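# An overview of the molecular structure
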Amino acid sequence: MTDQEYESSPETVTVREVKAGNKILVTTLQSLDYAPKYALKKLYKDRWHVELDLRNIKTTMGMEIFSCKSPEMIEKEMWVYFLAYNLIRLVMAQSAMLADIIPRQISFKHSLQIWQAYRHQQVGLNDYENLKTLCRMVAEMTVGCRPGRTEPRAVKRRPKPFSLLMKPRGEARNIILKHGHPKKQK
């Protein structure tokens, strides 16, 4: 936010609190006609899809750690991930249409794996039958309806007991050759 944008923002904002189940939702939507309680409750539940989509981009597709170093190249790398994500979602939408189901019922990870397998087999997707087979395979793996699902935010695997490499690899090698590996920490 620029200084001008910050200065032009209001001093206070009027909000509305809505009790939905065991949660209190806070919104700036004041109109009961425009944003009734049930619509806000549904919108809050639908935010789960946003979290799943972000997880799919970051974790499932591997965008957790960028391989580029400069800001310009990181931006390009992000756009490539977004393009790939949208292409997979397009395949999922076409598959759902052929299978007469909702695209959200199709597993993103399964769709990505099927796409990668097809790509490695170098099957021509310009042939209608090959594309139809791909869509049929993508639509095979569906996810169930999971309302109110809660998952722990914890990592199952423990990190390795090694320190991070904070020096150039060659310099670190020379230190090991001169002094040996550091003792294990408990």
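Located above this text is the structure these notes cover.
Keep in mind that what you see is a predicted model, and the values were worked out from it rather than measured.

## So, the side chain of S95
- With respect to the helices and strands, S95 occurs in helix α3 (residues 71-99).
- Taking the relative accessible area as the measure of exposure, S95 reaches 1% and is therefore buried.
- Non-local contacts of S95, meaning those with residues more than four positions away in its chain, are made with I106, C135, V138 and A139.

## So, the packing of aromatic side chains
- Considering all chains together, one arrives at 2 aromatic pairs under this definition.
- Centre to centre, the rings of W79 and F82 are 5.8 Å apart; their planes meet at 85 degrees, and the pair counts as edge-to-face. A residue pair is termed a helical-turn pair when its members lie 3 or 4 positions apart in one helix, as W79 and F82 do in helix α3 at 3 residues.
- Using a relative accessible area of 57% as the deciding quantity, one classes W79 as exposed.
- The exposure class assigned to F82 is partly exposed, which follows from its relative accessible area of 26%.
- Relative to F108, the ring of Y85 lies with its centre 5.2 Å away and its plane at 35 degrees, an arrangement referred to as tilted. On the criterion of sequence distance, the pair formed by Y85 in helix α3 and F108 in helix α4 (residues 108-121) is long-range, its members being 23 residues apart.

## A word on the side chain of N56
- If you trace the backbone, N56 turns up in helix α2 (residues 37-60).
- For N56, the side chain forms a polar contact with the side chain of T60, separated by 3.2 Å.
- In contact with N56, not counting residues within four places along its chain, are M61, Y85, R89 and F108.

## Focus on a positive patch on the surface
- Taken together, K19, K37, K41 and K45 make up a surface patch of like positive charges.
- Note on placement: K37 falls in helix α2.
- The class of K37 is partly exposed, set by a relative accessible area of 46%.

## Section: unusual backbone geometry
- A positive phi angle, near 60 degrees, is found at D100, a position not held by glycine.
- Among the structural elements, D100 can be located in the loop between α3 and α4.
- Given the relative accessible area of 71%, D100 is considered exposed.

Reading guide: rules and limits
- Residues numbered from 1 in each chain as written.
- Predicted model: local features only at pLDDT ≥ 70, side-chain atom pairs only at ≥ 80, totals over all residues.
- Heavy atoms only, no water.
- Helix = DSSP H or I, 4+ residues; strand = E, 2+ residues; numbered from the N terminus.
- Buried < 20%, exposed > 50% of the residue type's maximum accessible area, 1.4 Å probe, protein only.
- Contact = heavy atoms within 4.5 Å.
- Phe/Tyr/Trp six-rings, centres within 6.5 Å; stacked < 30°, edge-to-face > 60°.
- Polar contact = N/O pair within 3.5 Å; in protein donor to acceptor, adjacent residues only side chain to side chain.
- Patch = residues over 30% accessible without salt bridge, like charges linked within 9 Å, V, L, I, M, F, W, Y side chains within 5 Å.
- Areas by Shrake-Rupley, 256 points an atom, 1.4 Å probe, with all protein chains shown as cover.
- Salt bridge = Lys/Arg side-chain N within 4 Å of Asp/Glu carboxyl O.
- Lys, Arg positive; Asp, Glu negative; His and termini not counted.
- Charge placed at Lys NZ, Arg CZ, Asp CG, Glu CD.

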